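Coordinates in review
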Amino acid sequence: MSPNNDLFAKTLINILEKTAFIFIDDLPTNNTFEYECDCIGIEISYTGDSDGSCSLWIAKDLATEIAANMLGCDENEIENKQVDACKEILNMTVGNYLTEKFGEEPVFNVGIPNQIPENNPNDTDHYNKINWIISNDLPIAFILSE
Amino acid sequence: MAYSILITDDSETIRAVLKRTISMTELPVSAIYESSHGKEALEVLHNEWVDIVFTDINMPEMNGIELISEMKKHPEYRKTPVVVISTEGSTTRVKELKEKGINDYIRKPFTPESIRDVILKTLGGWNESK
C-alpha cells in the first residue's frame, strides 16, 4: 500500500476496533481479493488544505455485526441500520485520518457520507485502486482519492 | 436532581451510541431527547427543559453552527450549554466554535469517561444542577 493508504487503513482498523469491536485479520500482502460479495458502499468527500474523497465497502454480514455492536443489540434486531452505521465508520475514519496526516491546525470541511450504488467494489471503474482488509474472512475495501 | 439532555445528530447510530454511552456514565438522567438536525433541536428546546445539548456539526437542514447561532438569539435557551461532538480535530475549528459560544468539544469516537467528564464539568456536578 502507499503511505496514505496505509495510514488510512490503520485509522480505519483503529475506528473499527474502538467503536464496533471488529478486529482485522492480517493485512493481505498482495492487496488482491477475489471475492464476490454483497457489500454496502459509502462515499465521502472533503475540502480544505487538501481536497479528496474516499469510497468504502463493507461486506453486508460484517456491516450487520458492526451495527449490532455499535448499537448494543442482537444482529436480528438490526433492521436497515447497517448503512447508517457504515456511514459513521467512514465519517469517523476520514476525520481522524485527516488529523493524523495533516496535524491539528488545518481546517477541513468533511461532507455528509452517501451510499453508493455499486455493492461490489470490483465492479467500479477504479477497481485497480482498491485496498483490502479482511475481518473474519469478510472483506472491507476502500479507495482513497487525493 | 437529574439531567435533561438533547442529542442532535443526523446519524441514528451515533444518537443511539451516545445514549448508551450516557447511560454507562451512571449519571442521573431524567430525559434524553433526540433530533436529527438543528431545526428539530430548536423545536425540542422550545417545548422542553434541556440542561445540555450535544450536537454534531455536519447535518442537513440546519447544521450545528447554525443551531448554535439560533440558540443565542432566544432568551429562554441562549445560555443552555452546548457541547459539539464531531469527527473533525482541527484546533482552529475548535477555537472558532468556542468563540461562537460552545462550552466544550469532544471528538468521535468518544468514551463514557469523556462524556461523563464533560457533563460534570459543564453542569458543575449533579448535586448542583438546576
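One structure accompanies this document, and this report is about it. None of the values given here were measured: they were computed from a predicted structure.

Moving on to the sheet that holds strand 5 (residues 104-107) of chain B. Residue and element names in this part refer to chain B. Read from one edge to the other, the open sheet built from five strands follows the order 2-1-3-4-5, with strand pairing classed as parallel. The sheet is open, and its two edges are formed by strand 2 (29-35) and strand 5, each paired on a single side. For this sheet, the mean angle separating the axes of adjacent strands, direction not counted, is 20 degrees. Pairing analysis gives four bridges linking strand 4 (residues 82-86) to strand 5, with the strands arranged parallel. The partner of V83 across the bridge, within strand 5, is D104. Here helix 1 (residues 12-24) sits on the sheet in contact with strand 1 (3-8), strand 2, strand 3 (52-55) and strand 4, set at roughly 170 degrees to strand 2. Set on the sheet, helix 2 (residues 38-47) makes contact with strand 1, strand 2 and strand 3; between it and strand 1 the angle comes to about 160 degrees.

Residues and elements named next belong to chain A. Within strand 2 (residues 52-59), seven of the eight residues are buried, which leaves it mostly tucked inside the rest of the structure. As paired elements, strand 1 (residues 39-48) and strand 2 share eight bridges and run antiparallel to each other. Across the sheet, residue C39 finds its bridge partner in strand 2, namely A59. Pairing analysis gives six bridges linking strand 2 to strand 6 (residues 138-145), with the strands arranged antiparallel.

Attention now moves to the pairing of strand 4 of chain B. Successive residues of a regular strand alternate their side chains across the two faces of the sheet. Residue and element names in this part refer to chain B. Among the five residues of strand 4, five are classified as buried, and the element is accordingly described as predominantly covered. Going residue by residue along strand 4, you find V82, V84 and S86 tucked away on one face and V83 and I85 tucked away on the opposite face as well. In this sheet, strand 4 lies alongside strand 3 in parallel orientation, the contact comprising three bridges. Its bridge partner lying in strand 4, T55 is registered against V84. Chirality of the crossover, the property in question, places the unit of strand 3, helix 3 (residues 64-72) and strand 4 among those that are right-handed. One crossover worth recording links strand 4 to the parallel strand 5 by way of helix 4 (residues 91-100), and it is right-handed.

On to a negative patch on the surface. Residues and elements named next belong to chain A. A contiguous patch of negative charge on the surface is contributed by E43, E118, D123 and D125. Mapped onto the fold, E118 is located in the loop between strand 4 (114-116) and strand 5 (131-135). By relative accessible area, E118 is classed as partly exposed at 34%.

On to helix 2 of chain B, then. Residues and elements named next belong to chain B. Of the positions making up helix 2, those classed as buried are G38, A41, L42, V44 and L45. Axial view of helix 2: buried residues confined to an arc of 160 degrees, hence all on one face. Away from its buried face, by an angle of more than 90 degrees, helix 2 presents the exposed residues E43, H46 and N47. Tucked inside the fold, the buried residues of helix 2 contact strand 1, strand 2, strand 3 and helix 3.

Quick look at empty space enclosed by the protein now. Throughout the structure, instances matching the rule amount to two cavities of 30 Å³ or more. Looking at the largest cavity, its volume works out to about 80 Å³. In this structure, the largest cavity is lined by G95, L98, T99, G103, P106, F108 and V110 of chain A together with T87, E88, G89 and S90 of chain B. At the level of elements, helix 3 (82-102) and strand 3 (108-110) of chain A are the ones that each hand at least two residues to the lining of the largest cavity. Ranked by residues supplied to the lining of the largest cavity, first place goes to helix 3 of chain A with three residues. Its residues placed into classes, the lining of the largest cavity shows four nonpolar, six polar and one charged. When its volume is computed, the second largest cavity comes out at roughly 30 Å³. As for the second largest cavity, its lining consists of I7, T8, D9, I14, L18, F54, T55, D56 and I85 of chain B. For the lining of the second largest cavity, the secondary-structure elements that each account for two or more residues are strand 1, helix 1 and strand 3 of chain B. Along the lines of polarity and charge, the residues of the lining of the second largest cavity split into five nonpolar, two polar and two charged.

Thresholds applied
Residues numbered from 1 in each chain as written. Chains lettered and ligands numbered in written order. Predicted model: local features only at pLDDT ≥ 70, side-chain atom pairs only at ≥ 80, totals over all residues. Heavy atoms only, no water. Pairing = 2+ DSSP bridges. Helix = DSSP H or I, 4+ residues; strand = E, 2+ residues; numbered from the N terminus. Axes fitted to C-alpha atoms, helices over the stretch in contact; angles between N-to-C directions. Contact = heavy atoms within 4.5 Å. Buried < 20%, exposed > 50% of the residue type's maximum accessible area, 1.4 Å probe, protein only. Right-handed = clockwise from strand over helix to strand, strands pointing away. Patch = residues over 30% accessible without salt bridge, like charges linked within 9 Å, V, L, I, M, F, W, Y side chains within 5 Å. Areas by Shrake-Rupley, 256 points an atom, 1.4 Å probe, with all protein chains shown as cover. Salt bridge = Lys/Arg side-chain N within 4 Å of Asp/Glu carboxyl O. Lys, Arg positive; Asp, Glu negative; His and termini not counted. Charge placed at Lys NZ, Arg CZ, Asp CG, Glu CD. Arc of directions from axis to C-beta. 1 Å grid on protein atoms, 1.4 Å probe; cavity = no way out; pocket = protein on both sides within 12 Å on 5 of 7 lines; lining within 4 Å. Points joined across faces, edges and corners; volume = space filled by probe spheres on them. Nonpolar A, V, L, I, M, F, W, Y, C, P; charged D, E, K, R; others polar.

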